[in-house]
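Here is what each chain is made of, one letter per residue.
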Amino acid sequence: MATTEVRIAPEAVGAASPRSERLPDPGVVVIFGASGDLTKRKLLPALFHLEQQGLLPAEFAIVGVARRDLKGAFAADMKDGILKFGGVKGEESKVDDFIEKVEYHAMNFDDDTGYADLKALLEKIDKERGTEGNRLFYLAVAPEYFSDIINRLGEHGMAHPEKGYARVIIEKPFGHDLESAKELNDEVNKVFEEEQIFRIDHYLGKETVQNILVFRFANGIFEPIWNRNYIDHIQITAAESIGIEGRGPFYEKAGALRDVVQNHMMELLSFVAMEPPVSFEASAVRGEKVKVWRAIKPITIDNTVRGQYALGTVDGQQVQGYREEDRVDPNSATETFAALKLEIENWRWAGVPIYLRAGKRLEKRVTEITIQFRQPPMLLFDRLTGPCNEIQPNLLKMRIQPDEGISLRFGAKVPGPETNVCPVVMDFQYATAFGVNSANGYERLLLDAMLGDQTLFAHRDGVEATWSLYTPVLDAWAKAKPRDFPNYTSGTWGPKAADGLIGRDGRRWHNS
Ligand code: BG6
C-alpha cells in the first residue's frame with residue numbers, strides 16, 4: 001500500500017504557549033497511597049517533567065502518604081521511579097534537586113492522629129516553603145479507602161481551609177456499578193463541593209485524545225461530513241498485548257468492561273460523537289459529553305461479546321492463560337475482553353453503529369478510532385483488473401497509541417493504461433511532524449487540577465450516565481456465567497464471536 005506522508009515544517013509548529021499563562025499558585029500535592037506503583041511510575045515522573053518545563057511554582061512540595069513506615073526509603077524510591085519511568089537521561093542532579101521537595105508521612109487511613117499530624121506537617125510546609133495553604137489531595141488508593149479518607153479530611157478541617165484551596169483527585173474505578181457510584185458521589189459531595197472534585201481518567205490527559213476535539217473543531221473540512229449522511233460506522237479498539245500484570249485481586253473484581261470500557265472507551269466515544277460545545281469551558285464540554293452518553297440506546301446482550309484469554313504466544317513469548325495468573329480463581333468468569341455494538345439515538349448518529357472492543361493479551365498494543373465513510377452512490381470504476389479487486393471505503397484512523405497520529409485512506413489510480421484503483425494512505429504522525437513523543441497523560445491532568453481547570457475531568461453526571469449504561473450488562477453477565485471461557489488464545493484478536501458481532505452487519509474489524 002502506498003503511503004503519502006504529510007510533513008509539517010518545523011516553523012509551523014511554533015513555540016510552546018507562554019509558561020506564565022499556565023503557572024499554578026504555590027501549593028502542596030498530597031498523594032495518598034504513595035507507596036503504590038502509580039506514584040512511582042506515573043505521578044512523580046509527571047510532576048518532575050512539569051517542573052523541568054517551568055510549569056510548577058517555586059513554592060511547591062509533594063507529601064507522600066501511605067501506611068508503611070518507609071522513612072528515608074521513600075525519597076530514594078521516588079528518585080528511582082523518575083529515573084526509570086520518566087525517560088530522564090543524564091539529569092540525575094536535576095532529579096536530586098526535585099526530590100528535595102518530597103516528604104513522606106506514614107499513617108493508617110482510618111487513624112485520626114495520623115490526619116492531625118498530616119495537618120500539622122502541611123502547616124509546617126506552608127511556613128517553610130510558602131505554599132500558602134493550597135492542597136491538592138490525590139487518592140491513589142484502593143476504592144474501599146476513598147470514603148474514609150474523604151470523610152476524615154473533612155473532619156480534620158482540611159476540605160475547606162481558611163486560607164488557600166483544597167481539591168481532591170479521585171482515581172478510577174469510581175464505583176463498580178451505578179448504585180455504588182451514586183453512593184460514592186453522595187459521600188464525596190457531603191465533604192467537597194463539585195468544583196473541588198477531580199475524577200481522573202488518564203485517557204483525557206493524552207495528547208491524541210485531546211486532539212480529537214482539535215481535529216474536529218479546529219478544521220473546517222471534517223465537521224460537515226461528521227454525521228449519519230457520510231459515516232457508515234465507527235470502530236474503537238483498545239487492544240493490549242500485556243496481561244493483568246500481577247493485579248489478580250483487582251482484575252478479578254473488575255474485568256474489561258469496568259476496567260477500561262465504562263471509562264476510557266466512553267471518553268473516547270464522547271469526544272468522537274459530541275456536538276460542538278459553545279466554549280472550551282469545563283461545564284460546556286462536560287455537558288455535551290453527558291448528552292452523548294445519555295443518547296446511547298440501552299445495550300442488549302446480543303450486542304455484547306465477552307472473552308477470557310487462554311495460554312498462547314505474545315511477542316514471541318509463551319504466556320499463561322488468565323486462570324493460571326497469580327491470585328486468580330482457576331474457574332474465574334471474569335472477562336479480559338469485551339466487544340459491544342452501540343447506537344446513539346440522536347439526529348447526528350441515528351443508524352450509525354458503533355463497535356467497541358477492548359482486551360488484554362491481544363495480538364498487539366493499539367488504541368485506535370476508525371471512522372468508515374459511506375461509499376460513493378455509484379461506483380464508476382467497478383471493473384477492476386489490477387492488483388486491488390474492489391474499491392475500498394474511505395477510512396479515517398485516529399491512532400491514540402502507540403505511533404500516535406491520524407491517517408486517511410482513499411482510492412488512487414494505479415499508474416498504467418487501464419483505470420485501476422488501489423487504496424493509499426495519507427499519514428500524519430506526531431513524532432515526525434512535531435518531533436516529540438506525547439507526554440504521559442498525568443502531566444496535563446495534574447497541571448489542570450493545580451490550576452483548578454475541570455474540563456478534562458469527569459463530572460458526577462457523566463460517571464452516573466456511563467454506569468447507567470453498563471450496569472444492566474454487568475448484571476446480565478453475572479447471571480449467565482460464560483460456559484466457553486477461556487475462549488481466545490493469547491496473541492490473537494479475541495474470541496471469534498467478536499468477529500461475528502460486526503460480521504453479521506456485513507462489516508469487519510480493521511486490525512492495524
Ligand atoms: C488502566 C487499566 O486504567 O488503563 C489498565 O486499569 C490498563 O488495566 C490501562 O492497562 C491502559 O492504559 P494505557 O494508558 O496504557 O492505555
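Residues numbered from 1 in each chain as written. Predicted model: local features only at pLDDT ≥ 70, side-chain atom pairs only at ≥ 80, totals over all residues. Heavy atoms only, no water.

A. Focus on helix α2 (residues 37-52). Taking 1.5 Å of rise per residue, 16 residues should cover 22 Å, and α2 covers 22 Å from first to last C-alpha, within 8% of that figure. Turning to α2, its buried residues number three or more, namely T39, K40, L43, L44, P45, A46, L47, F48 and L50. Trailing α2 by a residue or two, G54 shows a phi angle of about 75 degrees, which is positive. (Helix = DSSP H or I, 4+ residues; strand = E, 2+ residues; numbered from the N terminus. Expected span 1.5 Å × (residues − 1). Buried < 20%, exposed > 50% of the residue type's maximum accessible area, 1.4 Å probe, protein only.)

B. Quick peek at the site of the ligand. Around the ligand, the surrounding shell consists of K172, H202, Y203, K206, E240, R247, D259, H264, K360, R365 and Q401. In this structure, K172 approaches the ligand through a side-chain N or O atom, which is 2.7 Å from an oxygen atom. Between H202 and the ligand, the recorded distance is 2.8 Å, taken from a side-chain N or O atom to an oxygen atom. Look at the ligand: alone it shows 400 Å² of surface, and the protein chains cover 82% of it. (Near = heavy atom within 4 Å. Polar contact = N/O pair within 3.5 Å; in protein donor to acceptor, adjacent residues only side chain to side chain. Areas by Shrake-Rupley, 256 points an atom, 1.4 Å probe, with all protein chains shown as cover.)

C. Structural view of the side chain of E368. One can find E368 in strand β15 (residues 366-373). For E368, a relative accessible area of 5% corresponds to the buried category. A distance of 2.9 Å separates a polar atom in the side chain of E368 from a polar atom in the side chain of R399. Excluding anything up to four places from it in sequence, E368 contacts Q235, I236, T237, K397, M398, R399, I400, H510 and S512. (Contact = heavy atoms within 4.5 Å.)

D. The domain arrangement of the chain, seen in detail. Under the domain assignment used here, the chain contains domain 1 (19-171) and domain 2 (205-503). Here domain 1 and domain 2 have C-alpha centroids that lie 33 Å from each other. Every contact between the two is made by 21 residues of domain 1 and, on the other side, 12 residues of domain 2. For the pair domain 1 and domain 2, the summed buried surface comes to about 1,500 Å²; carbon and sulfur atoms form 68% of the total. At the boundary of domain 1 with domain 2, the tally comes to zero salt bridges. Inspection of the domain 1/domain 2 interface yields five residue pairs in polar contact (both at pLDDT 80 or more). (Domains from an automatic or database assignment. Buried area = accessible area lost by both parts, 1.4 Å probe. Salt bridge = Lys/Arg side-chain N within 4 Å of Asp/Glu carboxyl O.)

E. Fine view of the packing of aromatic side chains. Counting across every chain of the model gives 17 aromatic pairs. Between Y251 and Y322 the ring centres are 6.0 Å apart and the planes differ by 65 degrees, which places this aromatic pair in the edge-to-face class. With Y251 in helix α9 (residues 248-273) and Y322 in the loop between β12 (317-319) and β13 (337-342), this residue pair connects regions lying 71 residues apart in the sequence. Summarising the burial analysis for this pair, Y251 and Y322 share the class buried. Arranged with centres 5.8 Å apart and planes meeting at 40 degrees, the rings of Y430 and F434 form a pair that is tilted. (Phe/Tyr/Trp six-rings, centres within 6.5 Å; stacked < 30°, edge-to-face > 60°.)

F. Fine view of the pattern of salt bridges. In this structure the tally under the stated criterion is 30 salt bridges. A salt bridge links D186 to R460; the shortest N-O distance between them is 2.8 Å. Of this pair, D186 sits in helix α7 (residues 178-191) while R460 sits in helix α13 (residues 460-479); the two residues are 274 residues apart in sequence, bridging distant segments of the chain. Overall, the relative accessible area of 18% leaves R460 in the buried class. For the salt bridge of R348 with E275, the shortest nitrogen-to-oxygen distance reads 2.8 Å. With a gap of 73 residues between them, R348 in the loop between β13 and β14 (354-359) and E275 in the loop between α9 and α10 (282-295) connect regions that are remote in the sequence. For R348, a relative accessible area of 12% puts it in the buried group. On the basis of relative accessible area, E275 is assigned to the partly exposed category, the value being 31%. Three or more residues are tied together by salt bridges with common partners; here these are K40, D77, D80 and K84.

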